[in-house]
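Here is how the chains run, residue by residue.
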Amino acid sequence: MQAQPARRPPDTIRVSAERPQVGHRHRVGADVHTSGHDPRTPRPHAAAGSRVPCGAADAFDALRLRWRRALIGSGFDPAAEPYASRLAALGATAAGFRGTMAPAGESLWPDQPLASSDSVTGGYARLRVMALAYAQAGTGLTGDASLRDDVVAGLDHLHGHAYHASTTFYGNWWDWNIGAPLALTDTMTLVHDALSSTQLGSWLAAIDHFVPSADQLLHVGPATGANRVDVCAVLARRGMLGRSAAKLAAARDGLSPVLVQVRAGDGFYADGSFIQHRRVPYTGTYGEVLLSGLAAMLAWLAESPWAVTSSHRRVLFDAVATTYAPFIHNGLVMDAVSGRAIARNQSDHQRGHAVSAGILQLAASAPPAEAAVWKAMVKGWTQRERWANITVDPKLGIPALAAVLAVRDDPAVTPSPEPVGHRLFASMDRAVHRRPGWAAVLSLCSGRTAFYETTNGENLKGWHTSNGAYHYWGDTWGGGQYSDSYWPTVDPYRLPGITASRKTLADAWGGAFGLPRPDTVWAGGACDGAHAALGQDTRGPDSSLKAKKSWFFVGDTITCLGAGITATDGTAVETTIDNRGLGGGPLTGSLTVDGVGRPAATGWSATFPDAGWAQLDGAAGYIFPGGADVRVLSESRTGSWSQISASGSTAPISRDYLTLWLDHGVDPAGASYHYLLLPGADAGTTAARAANPTVTALSNTTTAQAITDSATGVTAANFFTAGTAGPVTVSAPCSVLIHEHGGQLKVTVADPTRAATTVTVTLARSGYATAACDPQVSITNVDPITLVVEVGGSLGAGRSLTLGTGSAVTGGQHLTLAPVADAYVRDGSYATTNFGNDQYMIIKNASAGWARRAYLKFDLTALTGAPRRAVLWVSGHTADSAGTHTTISAYTTGSGWTENDITWNTSPALGTVEATAPLCDVTDWIPLDVTSLITSAYISGATAAVAIYQSSAGLATVINSRRNPVRPPFLQVISD
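Summarised in this report is the structure supplied together with it. Remember, it's a predicted structure, so these values are computed and weren't measured experimentally.

1. A short note on the overall build of the protein
Along the protein, the regular secondary structure elements total 16 helices and 45 strands. Its C-alpha radius of gyration of 30 Å places the protein within 12% of the 30 Å reference for a compact globule of 976 residues. Principal axes of the C-alpha set define a box for the protein whose edges measure 90 × 85 × 55 Å. Here the protein holds 976 residues, and 62% of them are scored as buried. Summarising the internal contacts of the protein: among those between residues at least 6 apart in sequence, 73% fall at separations of at least 24. Charge-centre separation for the protein: the mean point of 72 positive side chains lies 3 Å from the mean point of 77 negative side chains.

2. A few points about the pairing of strand β43 (residues 943-949)
Across the 7 residues of β43, 6 count as buried, placing the element largely inside the fold. The pairing of strand β38 (residues 852-859) with β43 spans 6 bridges and is antiparallel. Counterpart to Asp 859 in the pairing with β43 is Thr 943. With 4 bridges connecting them, strand β40 (residues 886-893) and β43 associate as antiparallel partners. Considered in β43, the bridge of Ser 889 is made with Tyr 949.

3. A look at the nonpolar core
Among the nonpolar cores identified, the biggest contains 197 residues, and Tyr 163, Leu 290 and Tyr 622 are the most heavily contacted of them. Counting residues per element, this core draws most heavily on helix α9 (residues 286-301), at 11 residues. If you look at the next biggest cluster of nonpolar residues, it comprises 41 residues, including Ala 937, Ala 944, Val 946 and Ile 959.

4. Observations concerning the pattern of salt bridges
Going through the model one piece at a time under the given rule, you end up with 45 salt bridges. Arg 263 serves as the salt-bridge partner of Asp 924, at 3.6 Å between the closest nitrogen and oxygen. Remark: Arg 263 occurs in the loop between α8 (245-254) and β1 (267-268) and Asp 924 occurs in strand β42 (residues 924-929); sequence separation between them is 661 residues. On the basis of relative accessibility, which here comes to 12%, the residue Asp 924 falls in the buried class. Take Arg 263: its relative accessible area is 18%, and that puts it in the buried class.

5. Brief notes about the packing of aromatic side chains
According to the stated counting rule, one finds 27 aromatic pairs in the structure shown. Pairing Phe 268 with Tyr 324 gives two aromatic rings, centres 6.3 Å apart and planes at 75 degrees, and the pair type is edge-to-face. With Phe 268 in strand β1 and Tyr 324 in helix α10 (residues 313-324), the pair connects residues that are 56 residues apart, well separated along the chain. An identical accessibility class is assigned to Phe 268 and Tyr 324; each is buried. Taken together through their ring pairs, the aromatic side chains of Tyr 124, Tyr 163, Tyr 170, Trp 176 and Phe 210 make up a single cluster. Arg 598 extends its terminal NZ or CZ atom over the ring of Trp 604, reaching a point 4.2 Å from the ring centre. Residue placement shows Arg 853 over the ring face of Tyr 949; its charged tip is 5.7 Å from the ring centre.

6. What about helix α6 (residues 197-210)?
The end-to-end C-alpha separation of α6 is 20 Å, in line with the 20 Å expected for 14 residues at 1.5 Å each. Turning to α6, its buried residues number three or more, namely Ser 197, Gln 199, Leu 200, Trp 203, Leu 204, Ala 206, Ile 207 and Phe 210. The inward-facing, buried residues of α6 contact α4 (145-161), α5 (173-190) and α7 (225-241).

7. Quick word on unusual backbone geometry
That bond from Glu 81 to Pro 82 is cis: its omega, 10 degrees, falls within 30 degrees of zero. Structurally, Pro 82 can be placed in the loop between α1 (59-72) and α2 (83-100). For the peptide bond that leads from Asp 783 to Pro 784, omega is 0 degrees, which places it in the cis range. Here Asp 610, not a glycine, exhibits a phi torsion of approximately 55 degrees, which is positive. Among the secondary structure elements, Asp 610 is positioned in strand β18 (residues 604-616).

8. Side note on the sheet that holds strand β25 (residues 723-725)
Note: strands within a sheet are paired through backbone hydrogen bonds, in either parallel or antiparallel orientation. Reading across from one edge, β25-β26-β29-β32-β31 is the order of the 5 strands in this open sheet, with antiparallel pairing throughout. Single-partner strands in this sheet number two, and they are β25 and β31 (777-782). Sheet twist, expressed as the mean angle between neighbouring strand axes with direction ignored, is 20 degrees. Two elements, strand β29 (residues 758-763) and strand β32 (residues 785-790), share 6 bridges in a ladder whose sense is antiparallel. By the bridge assignment for β32, Val 759 is matched with Val 789.

9. Focus on α1
Its 14 residues give α1 an end-to-end C-alpha distance of 20 Å, which sits within 8% of 20 Å, the value for a rise of 1.5 Å per residue. Among all positions in α1, only Phe 60, Asp 61, Leu 63, Arg 64, Trp 67, Leu 71 and Ile 72 are buried. Angularly, the buried residues of α1 cover 160 degrees about the axis, an arc narrow enough to put them on a single face. Its buried side turned inward, α1 meets α3 (117-135), α5, α7, α8, α9 and α13 (398-408). A side-chain oxygen of the first residue of α1 lies 3.1 Å from the backbone nitrogen of Phe 60; this N-cap is Asp 58.

10. Section: the pairing of β40
Counted residue by residue, β40 has 6 buried out of 8 residues, so it is predominantly covered. The sheet contact formed by β40 and strand β41 (residues 910-919) spans 7 bridges and is antiparallel. The residue of β41 that forms the bridge with Ala 890 is Ala 915.

Scoring rules and cut-offs
- Residues numbered from 1 in each chain as written.
- Predicted model: local features only at pLDDT ≥ 70, side-chain atom pairs only at ≥ 80, totals over all residues.
- Heavy atoms only, no water.
- Helix = DSSP H or I, 4+ residues; strand = E, 2+ residues; numbered from the N terminus.
- Rg over C-alpha atoms; globule rule 2.2 N^0.38 Å.
- Buried < 20%, exposed > 50% of the residue type's maximum accessible area, 1.4 Å probe, protein only.
- Contact = heavy atoms within 4.5 Å.
- Lys, Arg positive; Asp, Glu negative; His and termini not counted.
- Charge placed at Lys NZ, Arg CZ, Asp CG, Glu CD.
- Pairing = 2+ DSSP bridges.
- Core = buried A, V, L, I, M, F, W, Y, C linked by side-chain atoms within 4.5 Å.
- Salt bridge = Lys/Arg side-chain N within 4 Å of Asp/Glu carboxyl O.
- Phe/Tyr/Trp six-rings, centres within 6.5 Å; stacked < 30°, edge-to-face > 60°.
- Lys NZ or Arg CZ within 6 Å of the ring centre and 35° of its normal.
- Expected span 1.5 Å × (residues − 1).
- Axes fitted to C-alpha atoms, helices over the stretch in contact; angles between N-to-C directions.
- Arc of directions from axis to C-beta.
- Polar contact = N/O pair within 3.5 Å; in protein donor to acceptor, adjacent residues only side chain to side chain.

As structure tokens, then:
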């Protein structure tokens, strides 16, 4: 697992301050095709001691000047606000650095001893600030030759004492691979006219020493995701400054692995998820750095011979709407996807500003119509941002600020409103629900995603942040709820939505980089785009706590159920309903319980026995069907950033909180809860809903949790085992969402465990003669409605059917057939070897001697009707040092072979490709639609044969054979 930095140096569109922010990065795989040519060997450097001219004489000079313009910005008046004060502040900061710079042996500044790798990066970052003050207008130091000479002297000193080709790296690899060279190349660009060819050559040789390619980092692992983009940026700037076409081409091509979708590990997923460190949702930080870095690279290289014109750019363009925008609300990025960055003194609004600027920078490379949509989104976010002021964001660089304000103030751009609907990100266990007037996010975890991430001394108390925590904001309220020093002052054992033991946890418990995670797999649910049924088989970090929990997002209500809450830690177990900071927005702290108000003051606590409802002004209403003993604490809490991040300020911070929770007692056995959260509801609305409820709990057990809502016609259920809840019966663990409206019935089914191939769902409904459905949903009965839903290989995504529209439906038969024979064959020296007795079959389209393919045979005599749908299910994964993601294909082939005799030389030829499916290095069910093949075989005879191979060169893939006792292959057939 690759180590990550505690902060990230300023980049193209950010920062004119000393200390940068987070490092971030990731991985993937595919070739980036370009349209540029590779120039011949460029002219050599000028003679030693001479000055390198700064005119745009060729492609390299043109790139350098474009990069310089990107660093200092354009299109704004430096004498006008908000730029004038920002530029003056930049000049003052630079003057301060200049005044304290004291080259002496092993330091450039007394407070930055070069024995620490962090000081190497920090030194280059300060020089970058000084260079910006020299290059930018309006700083008071613009064009100051002595300042420029001090910058050059500082660069010389850092090179001579730390960052040179003879240094063996020490400390954090990020400083040497990314932090220092990014700041160094920026600074070299800004003072290029003052550099000799000797200086250029020596400093670039140091970069070559530490960053020879995009594929290998100093800590031995490959560069992935955001880190890979940063490394490619280093290579590209080094190529620009060193006039190396090869380096620029390597940087361009090195972006290829980032511009694809993945099924496991770091990167973008089809459902919009973004993962870094293999199991941490990171859209808001690592994802932001990847977005900004790629956007800068695409725009910068656009008019050069190294332009990135690959169709794979579409992955990044699509990510704006599917990955980034869903987590932005009125300008802020939801903390649920910011990982350990929540422990830095950088607000969700500041992260939102960076994402907005990155989107606008990417717009320069996008199709005009798409760019226009993005600008409308950014304008809407910026105009609606009521708690923070982007013009005084110290983390946002002047070029980025100018770009955002240009769009905000452009009368030709019509701002987009906040959307309404629900988005489930099953691949990272996150969900976002939006209603008119408010938005909420839910953070879950599983064996696939971490409880939390800590490293470099950051996020020391984030244990419960992904274990059922929810956060919400209003359109005009709560915009600063989690921005106003929330994380250093909130009680980390009482985050909204979680059920947790009060057992004391050690700082940084569990290890770094998303290592701690529960040993359960049920997390996620079903979503139809408007409503959602979400659940989690909950485990406590370093605790015996177990619970089944569900959150049903239906209309303007979040219904929360918990069952089987059990622990033996010898400590109390609590479910936190809410924990609201009383700053950061118009929140008075005035609480009403069952119509009786409490004073808006801190320093009190109470238990409200058998409470029916409560409402907190400026926040939400809470309903407790059947009554609940609600605990309330109004308190002032004091903390510091250093308590959650080792490098944070030790200055004490005090904030007021109002917390509501349910106390399940010490070592509960089978405790439960049931409450409704109504974000933004006032006391009258809450009281009325409590008196006339529309939501009814159908089940709240460890087997199933389910509700029905008469106001919306939604019935939703989470099944932790096969069973029945209300009108729904299922054959395996799954999540089911039903919406009955306007004479139609829409059903969405998902498998959060990702263990099943199909789930049979029976609904106590009838009377529907037509249906429109996903291909993966088959109807086998109409009274009651019985569905066979293919959920395997979906990565937790839902499959949907709508009854009452579409084509006529009739019942059918569902049959599964095991292969009567299977084997794989291999060419080359193994061309006469039979592999018919192995528990595994290997597939790979490769060079001679390494090619392998699998054959399977099925007896169809059990079929009593013509096939409607046939799916071959195989369980497998890639196992290849060359990569992790590939595809396999099902082919027609002959059946005249036997399991114990088939070899490469005797195997039948491949026919047409029937189906292709993706897979990766994580074992999963792989569905191959072979309906046409099975239909032909059924008509012509009783035996069907299928070959599995790859249509082009691929990776070695291992699938289970019929002899494997675990997940052997089978054929699923729906027939007349």
